[in-house]
Amino acid sequence: MKLIRYILFIPICFLALKFVYWGFSHLLTWFIGLSTFWLIATLIFFGGAIWSLFKVLSAMLMSFTSMFAPNRIFSFWTVLILSIINSIWTIYNSWTMDVNYSGKVIFGAIVFSILVLELTFVLIIGSGEATEEAY
């Protein structure tokens, strides 16, 4: 029975990661779609709160997902490895697009890379919370 839980945890972890990155893409699409005035107003008044709420919900989802694994340390290392691979892949793809890299695009890619790294750390910490140990 434990072997089945080990085998099933990896696809469940993939689904949770894809769900988080799906929400992340929709959040970024929403921010990019705002006009300049509303973008500045939203970032000044609600930007930190919206991003913090998304990070907390993502960490809770990873913590909840990690509870399905038969071994908490296995869940932590699985989420750690999958999150790092996914973040490297996402950042690599964002920097190797076939676009004309102007100043605005480079700034956007830097901000995107920082947000992806921050989200990766939150997912790993969320998984670590399920192990009930300090990392």
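Refer to the structure printed above.
Small disclaimer: the values here were computed from a predicted structure and weren't measured.

A. Examining the environment of Thr78 more closely. Relative to the helices and strands, Thr78 resides in helix 3 (residues 72-95). When the C-alpha atoms of Thr78 and Tyr6 are compared, they prove to be 10 Å apart, with 72 residues separating the residues in sequence. Ignoring sequence-local partners within four residues, the contact set of Thr78 consists of Phe9, Ile10 and Cys13.

B. Region of interest: the packing of aromatic side chains. This structure, assessed with the given rule, holds twelve aromatic pairs. With 5.9 Å between their ring centres and 25 degrees between their planes, Phe24 and Phe112 make a pair best called stacked. Remark: Phe112 occurs in helix 4 (residues 103-131) and Phe24 occurs in helix 1 (residues 2-33); sequence separation between them is 88 residues. Phe24 gets classed as buried once you look at its relative accessible area, which sits at 3%. By way of ring pairs, the aromatic residues Tyr21, Phe24, Trp51, Phe54 and Phe112 are connected into one cluster.

C. Quick look at helix 2 (residues 36-66). The end-to-end C-alpha distance of helix 2 is 40 Å, clearly below the 45 Å that 31 residues give at a rise of 1.5 Å each. Where helix 2 bends most, the angle comes to about 70 degrees, and this point is Phe46. Those residues of helix 2 that sit buried are Ala41, Thr42, Gly47, Trp51, Phe54, Lys55, Ser58, Ala59, Met62, Ser63, Thr65 and Ser66.

Rules of the game
- Residues numbered from 1 in each chain as written.
- Predicted model: local features only at pLDDT ≥ 70, side-chain atom pairs only at ≥ 80, totals over all residues.
- Heavy atoms only, no water.
- Helix = DSSP H or I, 4+ residues; strand = E, 2+ residues; numbered from the N terminus.
- Contact = heavy atoms within 4.5 Å.
- Phe/Tyr/Trp six-rings, centres within 6.5 Å; stacked < 30°, edge-to-face > 60°.
- Buried < 20%, exposed > 50% of the residue type's maximum accessible area, 1.4 Å probe, protein only.
- Expected span 1.5 Å × (residues − 1).
- Bend = angle between axes of the 7 residues up to and from the residue.

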